[in-house]
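These are the residues of each chain, in order.
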Amino acid sequence: MYEWQQQIQIIVDEIDECIRQHRDDALTLRSLSGKLGYSEYYMTRKFREISGLPLRDYLRLRRLAFALWDVRDSSRNLLDIAVDYGFSSHEAFTRAFKATYGITPGEYRKNPVPVVLRTKIHPFDRYFFGLGEIGMMKSTEDIKIYFVTVPAHKFLHIRNYESIGYWDFWQKQSQIPGQDCETISGLLDSIKGKLDDEGGSESNGGSGQLAGFLNDPKGRLCSWGIPLAECYGVRLPLDYQGEVPPQMLMMEVPEGEYIVFEHGPFDYEQENRSVEEKVEEAMNTFDYEKAGYCLDTTPGRIAYLYHDPERFWKYVRPVRKL
């Protein structure tokens, strides 16, 4: 039923890998369509039908996204960056960069303001389509439980007081101009200096993006009876002075004590639901009193959820000593 979504996902994954490895020869329509065994016309038609944009446009915007990270994070010559990402000259690169982001590469390097990047699309997601996991859980990882002191930092984010869960959050945000998943993830992807950025290029946790749950009387009651507002954003250093996008909020988070429930790397398609249940069980059965702590439900304290299958599933929840 979802054969073409899976096929387009193969192409999307191939595009990012080829851009990352600078394999321009594999990014032609002929090469990409040949990977699926279909004609160029049919493959590009299905790509647009499923993704909502032409394949050529998606390719150009993903190349520019990778190029922007290189401009932002390296001191490499701009012409070398241009050539590496498929542009014939410095001028062609500058024109495309400015037309897309409203700023030249040179200006951006001096002042890396937030811009909306074309994040990687995910046309096929088993859980979104309600297909569940493939097979049995393979991971033998135990849940690591430990206490940490998290230094003071800033949290740049959007916030929703009515949503319940990831899909509902983005469905509600999409009804607010400029707060849809693509726009917000693209803005966050462009920001330099994120505390949790491991150099990834994904919007699903690999570039410092995470969910937050703010103790707030205006929010919905969660499963453990605390009124929470759901958030999505990035943690930044306390001395961060960069521009704040107009549709986002910046809050200072003071140093505090937290408990961490962490599961290591896992296969998203095969184990996501099982890992979630395993972490939830660990959180629900943990004996806080025995450990000398309790959850801190003080308004303004925030919990974080890290969902990055290549590294971990991790809840970081605020606590205080008894």
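Right above here is the structure, for reference.
Predicted model, so just to flag it, every value in this text is computed and none were measured.

What counts, and at which threshold
Residues numbered from 1 in each chain as written. Predicted model: local features only at pLDDT ≥ 70, side-chain atom pairs only at ≥ 80, totals over all residues. Heavy atoms only, no water. Salt bridge = Lys/Arg side-chain N within 4 Å of Asp/Glu carboxyl O. Helix = DSSP H or I, 4+ residues; strand = E, 2+ residues; numbered from the N terminus. Buried < 20%, exposed > 50% of the residue type's maximum accessible area, 1.4 Å probe, protein only. Contact = heavy atoms within 4.5 Å. Pairing = 2+ DSSP bridges. Phe/Tyr/Trp six-rings, centres within 6.5 Å; stacked < 30°, edge-to-face > 60°. Axes fitted to C-alpha atoms, helices over the stretch in contact; angles between N-to-C directions. Parallel < 35°, antiparallel > 145°, perpendicular 65-115°, else oblique. Left-handed = near helix turned anticlockwise from the far one by under 90°. Nonpolar A, V, L, I, M, F, W, Y, C, P; charged D, E, K, R; others polar. Expected span 1.5 Å × (residues − 1).

Engineer: Would you take a moment to explain the pattern of salt bridges for this structure?
Structural biologist: When the charged atoms of two side chains lie near each other, side chains of opposite charge can form a pair. Evaluated as defined, the whole model comprises 18 salt bridges. For Arg 30, the salt bridge identified is with Glu 40, shortest N-O distance 3.9 Å. Of the two residues, Arg 30 is situated in helix α2 (residues 29-36) and Glu 40 in helix α3 (residues 40-51); the sequence distance between them amounts to 10 residues. Under the relative-accessibility criterion, Arg 30 is labelled exposed at 65%. Residue Arg 76 is joined to Asp 70 by a salt bridge in which the shortest nitrogen-to-oxygen separation is 2.8 Å. Classification of Arg 76 as partly exposed rests on a relative accessible area of 29%. You can call Asp 70 buried: its relative accessible area is 14%. Several salt bridges converge on common partners, so that one network encompasses Glu 14, Arg 23 and Lys 35.

Engineer: How should I be thinking about helix α8 (residues 166-173) in this particular structure?
Structural biologist: The α-helix winds at 3.6 residues per turn, so residues separated by three or four positions along the chain end up facing the same way. Inspection of α8 places Asp 168, Phe 169, Trp 170 and Gln 173 among the buried residues, and these make up the whole buried set. Buried residues along α8 sit in contact with β2 (153-160), α9 (181-190) and β4 (227-236).

Engineer: Just checking my understanding: could you explain the pairing of strand β9 (residues 312-321) for this structure?
Structural biologist: Consecutive side chains of a regular strand alternate in pointing toward one face of the sheet and then the other. Counting buried positions over the 10 residues of β9 gives eight, a clear majority of the element. By the bridge criterion, six bridges tie strand β6 (residues 256-263) to β9 in an arrangement that is antiparallel. Paired with Val 260 across the bridge in β9 is Val 316. Here strand β7 (residues 293-295) runs beside β9; their pairing, made up of three bridges, is antiparallel. Within the sheet, the bridge partner assigned to Leu 295 lies in β9 and is Val 319. Sheet topology places strand β8 (residues 302-308) next to β9; five bridges connect them, and they run antiparallel.

Engineer: Explanation requested: the packing of aromatic side chains in the structure shown.
Structural biologist: Within the structure shown, the criterion is met by 19 aromatic pairs. When the ring of Phe 155 is compared with that of Tyr 304, the centres are 5.2 Å apart and the planes differ by 70°; the resulting orientation is edge-to-face. Residue Phe 155 is found in strand β2, and its partner Tyr 304 is found in strand β8; the two are separated by 149 residues along the sequence. Given the relative accessible area of 0%, Phe 155 is considered buried. Considering the side-chain rings of Trp 170 and Tyr 232, the 5.1 Å spacing of their centres and the 70° angle between planes classify their relative orientation as edge-to-face.

Engineer: Even after reading the chapter, I still don't get the packing of helix α1 (residues 3-20) against α2, so can you show me in this structure?
Structural biologist: Each pair of packed helices can be described by the angle between their axes along with the distance between the axes. For the pair α1 and α2, the least separation of the axes is 10 Å and the interaxial angle reads 135°. In this view, α1 runs oblique relative to α2, as classed from their interaxial angle. Once α1 is placed against α2, the crossing between them reads as right-handed. Between α1, through Trp 4, Gln 7, Ile 10, Ile 11, Glu 14 and Ile 15, and α2, the contact on the second element is made entirely by Leu 32, Lys 35 and Leu 36. Of the residues belonging to the contact of α1 with α2, the class tally is six nonpolar, one polar and two charged.

Engineer: Looking at this structure, how should I read α1?
Structural biologist: For α1, which comprises 18 residues, the first-to-last C-alpha distance of 26 Å matches the rise-based estimate of 26 Å (1.5 Å per residue) to within 8%. Tucked inside the fold, the buried residues of α1 contact α2, α3 and α4 (55-73). A positive phi of about 55° marks His 22, the residue just after α1.

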